[in-house]
Amino acid sequence: MLDFVYLLVIIVLLAFFLIVIKIFGSSEKKDKSIIYNNSDLTSLHILYSIILYPFWFIIFVFTCLTFLPIVMLSKAKSISPIVRFYGRLLLFGFGIILKIQGKEKLKRKKPYLLLFNHSSIIDIFILPTITFRQVTALAASYQFKLPIWGPIIRKYGIIPVERKNKSSAIESVKYAQKKLKEGISVFISPEGTRTTSGKLNSFKKGPFHLAKGSNADILIVVFKGAFLAKRKTDWRIKPGTVDVVVGDFIYFEDYKNLSISELQKNCWEKMNDLLEN
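Everything numeric here is computed off the predicted structure, so don't read it as measured data.

Caption draft 1: Structural context of the pairing of strand S3 (residues 135–140). For S3, the tally of buried residues reaches six of six residues, placing the bulk of the element in the interior. As paired strands, S3 and strand S5 (residues 185–188) are joined by three bridges and run parallel to one another. Bridge pairing in S5 links Ala137 to Phe187. Pairing analysis gives three bridges linking S3 to strand S4 (residues 159–161), with the strands arranged parallel. Counted as the bridge partner of Ala140 is Val161 from S4. Taking the sense of rotation as the criterion, the β-α-β connection linking S3, helix H6 (residues 149–156) and S4 turns out right-handed.

Caption draft 2: Expanded view of the packing of aromatic side chains. Counted under the stated rule, the structure contains 16 aromatic pairs. Ring centres of Phe60 and Trp149 lie 6.0 Å apart, and the angle between their planes is 40°; on these two criteria the pair is classed as tilted. You can see Phe60 sitting in helix H2 (residues 43–73) and its partner Trp149 sitting in helix H6, a full 89 residues away along the chain. For the pair shown, Phe60 and Trp149 are each scored as buried. Each member of the aromatic cluster is reached from another via a ring pair, and the members are Tyr53, Trp56, Phe60, Phe94, Phe125, Trp149 and Trp235. Lying over the aromatic face of Phe249, Arg108 brings its terminal NZ or CZ to 4.3 Å of the ring centre.

Caption draft 3: Representation of the nonpolar core within the structure. Counting 50 residues, the largest nonpolar core has Leu106, Ile122, Ile130 and Phe223 as its most contacted members. Among the elements that line this core, the one with the most residues is H2, at eight residues. With near-sequence residues (within four places) excluded, Phe223 lies in contact with Phe116, Asn117, Ser119, Asp123, Ile126, Leu127, Ile130, Val242, Asp243, Val244 and Leu275. Counting residues in each nonpolar core, the second largest holds 28 residues, with Val186, Val222, Tyr255 and Met271 among its members.

Caption draft 4: Main features of a nonpolar patch on the surface. A cluster of nonpolar residues, Leu44, Leu47, Tyr48 and Ile51, forms a patch on the protein surface that exposes about 360 Å² of accessible area. Within the secondary structure, Ile51 sits in helix H2.

Caption draft 5: Main features of the sheet that holds S4. Spatial ordering of the open sheet is given by S1-S7-S6-S2-S5-S3-S4, a layout of seven strands whose pairing is mixed. The sheet terminates laterally at strand S1 (96–101) and S4, the two strands that pair on one side only. Averaged over all pairs of adjacent strands, the angle between their axes in this sheet comes to 25°, without regard to strand direction. The sheet contact formed by strand S2 (residues 112–116) and S5 spans three bridges and is parallel. Paired with Leu113 across the bridge in S5 is Val186.

Each value, and the rule that gives it
- Residues numbered from 1 in each chain as written.
- Predicted model: local features only at pLDDT ≥ 70, side-chain atom pairs only at ≥ 80, totals over all residues.
- Heavy atoms only, no water.
- Buried < 20%, exposed > 50% of the residue type's maximum accessible area, 1.4 Å probe, protein only.
- Helix = DSSP H or I, 4+ residues; strand = E, 2+ residues; numbered from the N terminus.
- Pairing = 2+ DSSP bridges.
- Right-handed = clockwise from strand over helix to strand, strands pointing away.
- Phe/Tyr/Trp six-rings, centres within 6.5 Å; stacked < 30°, edge-to-face > 60°.
- Lys NZ or Arg CZ within 6 Å of the ring centre and 35° of its normal.
- Core = buried A, V, L, I, M, F, W, Y, C linked by side-chain atoms within 4.5 Å.
- Contact = heavy atoms within 4.5 Å.
- Patch = residues over 30% accessible without salt bridge, like charges linked within 9 Å, V, L, I, M, F, W, Y side chains within 5 Å.
- Areas by Shrake-Rupley, 256 points an atom, 1.4 Å probe, with all protein chains shown as cover.
- Salt bridge = Lys/Arg side-chain N within 4 Å of Asp/Glu carboxyl O.
- Axes fitted to C-alpha atoms, helices over the stretch in contact; angles between N-to-C directions.

Now the structure itself:
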């Protein structure tokens, strides 16, 4: 009987690591035109990852089971401190310590459109830590199909996006525009998907149609170190510090006469400057 239990535990652990590898990127197809430099990842990071993934999974299950009743019974605008706590807890499970520069700008009462660089899967755990008011965000539709996690983000008011369905994506942007006009800030990655090189990808036009259509001020935020901590094309974790750098507001009055392409280019340059400096 004991041997059977041991065998069952081993099978469960193997299944868990296969799921982790699938979700966290080692099976991601690599662009042959890009030279990937993973020389900073060593055999020590394999050991870190083997230890941290189960540790994080326990924290994730705890978070889902304890946060689900909170989000179901509370209004989203009243639980920002709790959201920030769980965000930092999930990052801690990966061995990530977060530092935020420019936190006071995130607390502004007037709603804004927050643009962030998407370099790692841990971005989805960083975003809760910079939530100081009622916000929503646009997220890939597959996340809404995940058990427990899906109901949580749906109840919180996150907006699903069908990336490969243009008409559906346009409707999601229109819904986000409605939320901005209702006084709710919106978080969105203008890249649309994670970078595989660590460099800033080109921007989609959707976020800038959203900005101009809602007369929203834009706040650019970058996550420095997130790519190195957990890159899309490698399953290993590199524990350490991630710096959240909050840029200056780009006010609607200052960009209202720009075309979508001009605003897109302007924001890309500002975000890239924050990342590089």
